[in-house]
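Each chain, written out:
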Amino acid sequence: MNTQTTPIHIRLWHHEFWLLVIADLLLTMSVYMLIPTFPQWLMAGQHFTPEQTGLSMAAFAVGLYMFGPFCSWLVQHYRRNIVCIWAIVALALNVLALGYFSPLTSFSRALLHRLTLGAAFGLAQMVLASTLIIDTCESHQRTEANFGAAWFSRFALSLGPVLGMAMCLIPTNSMLQPLQCRLTLITPILLSSGVLALVSLLLISRVSFPFRTPEEGISLVSLDRFFLPGGFLLFFNLLLISTAVGMILVQPLSLVFYALMMGGFLLALLAQRFVFRDAELKSEVLSGLTLLLASQLVLLVYPQSPVSPILMGTAVGIVSSRFLLFFVKLSRHCQRGTSQSTYFLGWETGLALGLGFGYGLFYDCRDMLFYTCLTITTVALLMYHFLTHRWFIKHKNR
């Protein structure tokens, strides 16, 4: 697998696979729709300081790792789809309960909400991506399955915030301007998030997974299906990129911005199929990070430009999908699920930390936030060009 593209197998996209990738999309949307709405509500509605809001958003990153070491043991000792379903139930109950108690939200409750939300989301996605989606595919189709499913969850970075903002935001002067939050509607936002998670649960429950005899000697704590130690350099490089993206999302972006990101995602799909089809392997990530730098510069100079979100969507689509395939190529036999979880953790950890840093350190310093994002993205680009790519070529196993 040393090419720029993945093969397309029409037979992969059968009924059960469609149910799982749509479930993945809805589950991720249920979490991402809180990105632009929840922090603003904490500050304006609950009078949190930016530092408290940043810590609350960053707690999500800690929660992602809570069940990871036990993921392999849980999947082996209980039916794998049931583990995923119960994780989604916990996620839905978490946001529904916060919606019920939203007038009484305190800093400690907000921290607990984000921590447990990250824990439930992390476990659900690890099982869904590393086990359930793979189990519905033939062995020769699994790379394409991972690639396709990841794109559906990637679309949620646009669709989730669009749905959340459409429900609780009203325009000021123009749809191109940042929107003001109608604070009384935070409860419907949380309820909608919980409903999306429950619909995702129903879709997963409609897929039949045959019983599998548990393996003997599975340790309670292990890195299997959790983290690939040999991929740490890729993990850290991806972490830098997603941190920069998360910091950008702290800005008061409009609904149109997130909608235009979807256009960027579609351009990234076309670019991967046609522009980078026979290009040198390194070119895809370097081009994507260059587009991300351009997006940040345009947003710094002209915040209302429709070009910036399209550039950002294209950059995120190109870079993140290529890093996913790098993790797959780096894994050995029976480590595919672990590589998927490592990629997921790298992306989601950086996104949560970026939100945390953005609110906690740079909320009132717009220019400094952008300069920091530009610096982090540049470091990520130089790191990949001079270190990560060469290291990957040397250590890849596929």
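Residues numbered from 1 in each chain as written. Predicted model: local features only at pLDDT ≥ 70, side-chain atom pairs only at ≥ 80, totals over all residues. Heavy atoms only, no water.

Section: the environment of Leu 311
And step 1. Counting through the fold element by element, Leu 311 comes out in helix H12 (residues 307-330).
And step 2. Leu 311 sits 15 residues away from Gln 296 along the chain, and the two C-alpha atoms are 9.0 Å apart. (Helix = DSSP H or I, 4+ residues; strand = E, 2+ residues; numbered from the N terminus.)

Let's talk about the packing of helix H3 (residues 50-63) against helix H6 (residues 107-135)
And step 1. Where H3 meets H6, the axes come as close as 6 Å, and the angle between the chain directions of the two elements is 25°. When the interaxial angle is binned, H3 and H6 end up roughly parallel. Considering the relative orientation of H3 and H6, their crossing is right-handed. The residues of H6 that touch H3, namely those facing Gln 52, Leu 55, Ser 56, Met 57, Ala 59, Phe 60, Val 62 and Gly 63, are Phe 107, Ala 110, Leu 111, Arg 114, Leu 115, Leu 117, Gly 118, Ala 119 and Phe 121. (Axes fitted to C-alpha atoms, helices over the stretch in contact; angles between N-to-C directions. Parallel < 35°, antiparallel > 145°, perpendicular 65-115°, else oblique. Left-handed = near helix turned anticlockwise from the far one by under 90°. Contact = heavy atoms within 4.5 Å.)

Description of a nonpolar patch on the surface
And step 1. Nonpolar side chains collect at one region of the surface, where Leu 267, Leu 270, Phe 274 and Val 275 lie side by side and expose about 440 Å² of accessible area between them.
And step 2. With respect to the helices, strands and loops of the structure, Phe 274 is situated in helix H10 (residues 255-275).
And step 3. Relative accessible area serves as the criterion here: at 62%, Phe 274 is assigned to the exposed category. (Patch = residues over 30% accessible without salt bridge, like charges linked within 9 Å, V, L, I, M, F, W, Y side chains within 5 Å. Areas by Shrake-Rupley, 256 points an atom, 1.4 Å probe, with all protein chains shown as cover. Salt bridge = Lys/Arg side-chain N within 4 Å of Asp/Glu carboxyl O. Buried < 20%, exposed > 50% of the residue type's maximum accessible area, 1.4 Å probe, protein only.)

Some words on unusual backbone geometry
And step 1. Phi at His 47 takes a positive value of approximately 60°, unusual for a residue other than glycine.
And step 2. Within the secondary structure layout, His 47 lies in the loop between helix H2 (38-44) and H3.
And step 3. For His 47, a relative accessible area of 65% corresponds to the exposed category.
And step 4. Its identity as a non-glycine residue notwithstanding, Arg 225 has a phi of 65°, on the positive side.

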